[in-house]
Amino acid sequence: MSNFRWVICALLFLATTVNYMDRQVLSLTWKDFIAVDFHWTDADYGTITGLFSLFYAIANLFAGKFIDWMGTKRGYLIAIFVWSTGAVLHAGCGWAAMQIEGYDSIAALRAVQAGSDAAVAIATVSVYLFLSCRLILAVGEAGNFPAAIKATAEYFPKKDRAFSTSIFNSGASVGALAAPATIPLLARAWGWEMAFIIIGVLGYVWMGLWMWLYEKPRQNKRVNQAELNYIEQDNDLAEAQNRDQVKEEKAIPFFKCFTFKQTWAFLVGKFMTDGVWWFFLFWAPAYFSDQYGYTSDSTMGILLIFTLYLIVTVLSIGGGYLPKYFVEKRGMNPYLGRMRAMLIFACFPVLGLFAQPLGAYSAWWPAILIGLLGAGHQAWSANLFSTIGDMFPKSTIGTIVGLGTMTGGFGSMAINMGSGKFFTWAAGQGSAFSFFGFEGKPAAYMVVFCICAVAYLIGWCIMKTLVPKYKPIVVE
């Protein structure tokens, strides 16, 4: 048997890695590079990350349907072209701000007195410029997970989908792992603009590999009959004997998707938990800079972020093994096995409650505990995505993934925009605002960490209430 399906899985992994590196460039450069040039506050950055999440959410309303309509190969190509272009365009925001505000250099923008009307004007214009680029980035990135999940459903049988999804989904943590080791150094050596350009160009390289290697399993000359039989093992015997005559399965009409509890279970799972991952993705570098004084380009700052995502990367891949154990060794159906595994992974984020208190002893404690929280999220997310393939026909997978990622974007918008405004407010309050023994901005971080800690358990309980047992949807 050939094993070309794992080559496809590797391509999905690379695309997700590039996806998250493009997303991470801003979070690793804003606090110590960009904010200095444009006089940004936490609220400004929170607005950018929050509205990016909103753009991403709205784009996902259409992305899944777009991928189902265009097909996996062409849809993925278009998606990564759009987001790579958006990533590269960030590099021009400084030049555009100079032209609009009438300054002749970035240094002149930086030299404007902080808090002055001119500084506020520069901050406002630059925020709108970055938002324009984030809009393009969001529209393209919205296609990543619908296309990747669709490709996984095409190339893997149900029992292997959680594992393969956990592998490509770990690209998110690998991207977040590679980013702190490279992006701040690029920004320090050649300026933050080159960091956006160099990372953005990686997407164009991936497009060439995808065009060369991807076809559906039945049309791909690199997949032999033995592997094809393995991939299609979930089909019944009659379909297997007469596959060439089988018609394409009917897609579920868009609005009819909302009539199924299975859809709402997935949407709730995404809404409750995606924002947690995005919060730490966007705010972790600023957290270590704010709370401990380790800038993103300092050796200690790089090591802390690198360690955090190394823990996420190593542990999250195992997220696909646990449901496979429940299914193959304990005899559970795929949905029940995944839900059992997801309950276990939902307990990992509770460790986030201890990150801020233990941070008083060493910055390594929050790095380790947030890493464990992130690993739990990635394992949770891989299994959450796989429940779609268990219960929905392949023709509708892209649509459901798009809807779920949209709701996850709404959750992310709420936590990121809210956190930015909350941090700015709490910093201004100082000792007048306290929570669990912390005052000012540290207290605000503690509040957000508490919300993140319980989000998964609440989400799991709602999902289990909506769909207590395995019930696949059959389109007649």
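Residues numbered from 1 in each chain as written. Predicted model: local features only at pLDDT ≥ 70, side-chain atom pairs only at ≥ 80, totals over all residues. Heavy atoms only, no water.

**Here's the deal with the overall build of the protein chain**
Move 1: The helix and strand inventory of the protein chain stands at 19 helices and two strands.
Move 2: The C-alpha radius of gyration of the protein chain comes to 22 Å, within 12% of the 23 Å expected for a compact globule of 476 residues.
Move 3: Expressed as lengths along the three principal axes of its C-alpha atoms, the size of the protein chain is roughly 75 × 45 × 40 Å.
Move 4: For the protein chain, buried positions account for 58% of its 476 residues.
Move 5: Nonlocal contacts in the protein chain, meaning residues at least 24 apart in sequence, comprise 82% of its contacts between residues at least 6 apart. (Helix = DSSP H or I, 4+ residues; strand = E, 2+ residues; numbered from the N terminus. Rg over C-alpha atoms; globule rule 2.2 N^0.38 Å. Buried < 20%, exposed > 50% of the residue type's maximum accessible area, 1.4 Å probe, protein only. Contact = heavy atoms within 4.5 Å.)

**A short note on the packing of aromatic side chains**
Move 1: Counted by the stated rule, this structure contains 51 aromatic pairs.
Move 2: Geometrically, the ring pair formed by F266 and F385 is tilted, given 6.1 Å between the ring centres and 50 degrees between the ring planes. Of this pair, F266 sits in helix 12 (residues 261-292) while F385 sits in helix 17 (residues 364-391), and the two are 119 residues apart along the sequence.
Move 3: Given the relative accessible area of 2%, F266 is considered buried.
Move 4: Pairing F345 with F348 gives two aromatic rings, centres 6.3 Å apart and planes at 70 degrees, and the pair type is edge-to-face.
Move 5: A network of ring pairs unites the aromatic residues W30, Y45, F279, F280, W283, Y287, F288, Y292, F423, Y445 and F449 as a single cluster.
Move 6: R23 extends its terminal NZ or CZ atom over the ring of Y56, reaching a point 5.0 Å from the ring centre.
Move 7: Note that R134 overlies the ring of F52, its terminal NZ or CZ placed 4.7 Å from the centroid. (Phe/Tyr/Trp six-rings, centres within 6.5 Å; stacked < 30°, edge-to-face > 60°. Lys NZ or Arg CZ within 6 Å of the ring centre and 35° of its normal.)

**What to know about the packing of helix 1 (residues 4-38) against helix 8 (residues 158-190)**
Move 1: Axis separation between helix 1 and helix 8 bottoms out at 6 Å; the angle between their running directions is 35 degrees. Here helix 1 and helix 8 pass one another in a crossing that is right-handed.
Move 2: Residues of the contact of helix 1 with helix 8, tallied by class, amount to 21 nonpolar, ten polar and one charged. (Axes fitted to C-alpha atoms, helices over the stretch in contact; angles between N-to-C directions. Left-handed = near helix turned anticlockwise from the far one by under 90°. Nonpolar A, V, L, I, M, F, W, Y, C, P; charged D, E, K, R; others polar.)

**Points about the environment of P184**
Move 1: Structurally, P184 is set in helix 8.
Move 2: Along the sequence, P184 and A57 sit 127 residues apart, while their C-alpha atoms lie 28 Å from each other.
Move 3: Those residues in contact with P184, other than ones at most four positions away along the chain, are L28, F33, A179, S296 and D297.

**Examining the pattern of salt bridges**
Move 1: Applying the stated criterion across every chain yields a total of eleven salt bridges.
Move 2: Between K31 and D42 there is a salt bridge, and its shortest N-O distance comes to 3.3 Å. Placement of K31 in helix 1 and of D42 in helix 2 (residues 42-70) is noted, with a sequence separation of eleven residues between them.
Move 3: The partner of E232 in a salt bridge is R218, with the nearest N and O atoms 3.3 Å apart. Here E232, found in the loop between helix 10 (225-231) and helix 11 (237-241), pairs with R218, found in the loop between helix 9 (192-213) and helix 10; they are 14 residues apart in sequence, far enough to count as distant. (Salt bridge = Lys/Arg side-chain N within 4 Å of Asp/Glu carboxyl O.)

**Focus on empty space enclosed by the protein**
Move 1: For the structure on display, the rule yields four cavities of 30 Å³ or more.
Move 2: Approximately 100 Å³ is the volume attributed to the largest cavity.
Move 3: Forming the boundary of the largest cavity are 13 residues, of which Y20, F145, K270, D274 and S381 lie nearest the centre.
Move 4: Looking at the lining of the largest cavity, the elements that each hand over two or more residues are helix 12 and helix 17.
Move 5: Of the residues belonging to the lining of the largest cavity, the class tally is six nonpolar, five polar and two charged. (1 Å grid on protein atoms, 1.4 Å probe; cavity = no way out; pocket = protein on both sides within 12 Å on 5 of 7 lines; lining within 4 Å. Points joined across faces, edges and corners; volume = space filled by probe spheres on them.)

**Considering the side chain of S381**
Move 1: Structurally, the position occupied by S381 is in helix 17.
Move 2: The exposure class assigned to S381 is buried, which follows from its relative accessible area of 5%.
Move 3: If we ignore the near neighbours within four places in the chain, the residues touching S381 are N169 and K270.

**A word on the layout of surface pockets**
Move 1: Space inside the second largest pocket adds up to approximately 220 Å³.
Move 2: Only helix 12, helix 18 (397-429) and helix 19 (441-466) provide two or more residues apiece to the lining of the second largest pocket.
Move 3: The element contributing the most residues to the lining of the second largest pocket is helix 18, with six residues.
Move 4: Class assignment for the residues of the lining of the second largest pocket results in nine nonpolar, four polar and no charged.

**Here's the deal with the nonpolar core**
For soluble globular proteins, nonpolar side chains are generally found buried alongside one another.
Move 1: W40, F130 and F279 are the most contacted members of the largest nonpolar core, which has 148 residues in total.
Move 2: Apart from residues lying up to four places away in sequence, W40 is in contact with L26, W30, I34, A35, I48, A123, S126, V127 and F130. (Core = buried A, V, L, I, M, F, W, Y, C linked by side-chain atoms within 4.5 Å.)

**A closer look at the confidence of the model for the protein chain**
Move 1: Here the protein chain averages 88 in pLDDT, and 95% of its residues register 70 or above.
Move 2: Across the protein chain, the element-wise mean pLDDT spans from 44 in helix 11 up to 95 in helix 19.
Move 3: Here residues 236-247 is modelled with pLDDT under 50, and outside its nearest four sequence neighbours on either side it reaches five contacts, counting other chains as well. (pLDDT = per-residue confidence, 0-100.)

**Points about the side chain of R5**
Move 1: Here R5 lies in helix 1.
Move 2: Filtering out sequence-adjacent residues up to four positions away, R5 remains in contact with Y155, F156, E227, Y230 and I231.

**Some words on the environment of F348**
Move 1: Looking at where F348 falls in the secondary structure, it is placed in the loop between helix 15 (334-345) and helix 16 (355-358).
Move 2: Since its relative accessible area comes to 29%, F348 is described here as partly exposed.
Move 3: For the pair formed by F348 and Y456, sequence separation is 108 residues and the distance between their alpha carbons is 9.0 Å.
Move 4: Dropping the residues within four chain positions of it, F348 is found in contact with L372, L373 and G376.

**Details of the environment of S386**
Move 1: Relative to the assigned elements, S386 resides in helix 17.
Move 2: In the structure, S386 is positioned 263 residues away from A123 in sequence and 42 Å away in space, judged by C-alpha atoms.
Move 3: The residues contacting S386, other than those within four sequence positions of it, are R161, A162, T165 and R338.

**A closer look at the packing of helix 1 against helix 6 (residues 117-141)**
When two helices pack together, their arrangement is given by the angle between their axes and by how far apart the axes lie.
Move 1: Across the interface, helix 1 lies against helix 6 with an axial gap of 12 Å and an inter-helix angle of 175 degrees. Here helix 1 is positioned roughly antiparallel relative to helix 6, judged by the angle of their axes. Residues N19, D22, R23, L26, I34, D37 and F38 of helix 1 form the contact with helix 6, whose participating residues are A119, I122, A123, S126, F130, R134, L137 and E141.
Move 2: Its residues assigned to classes, the contact of helix 1 with helix 6 shows eight nonpolar, two polar and five charged. (Parallel < 35°, antiparallel > 145°, perpendicular 65-115°, else oblique.)

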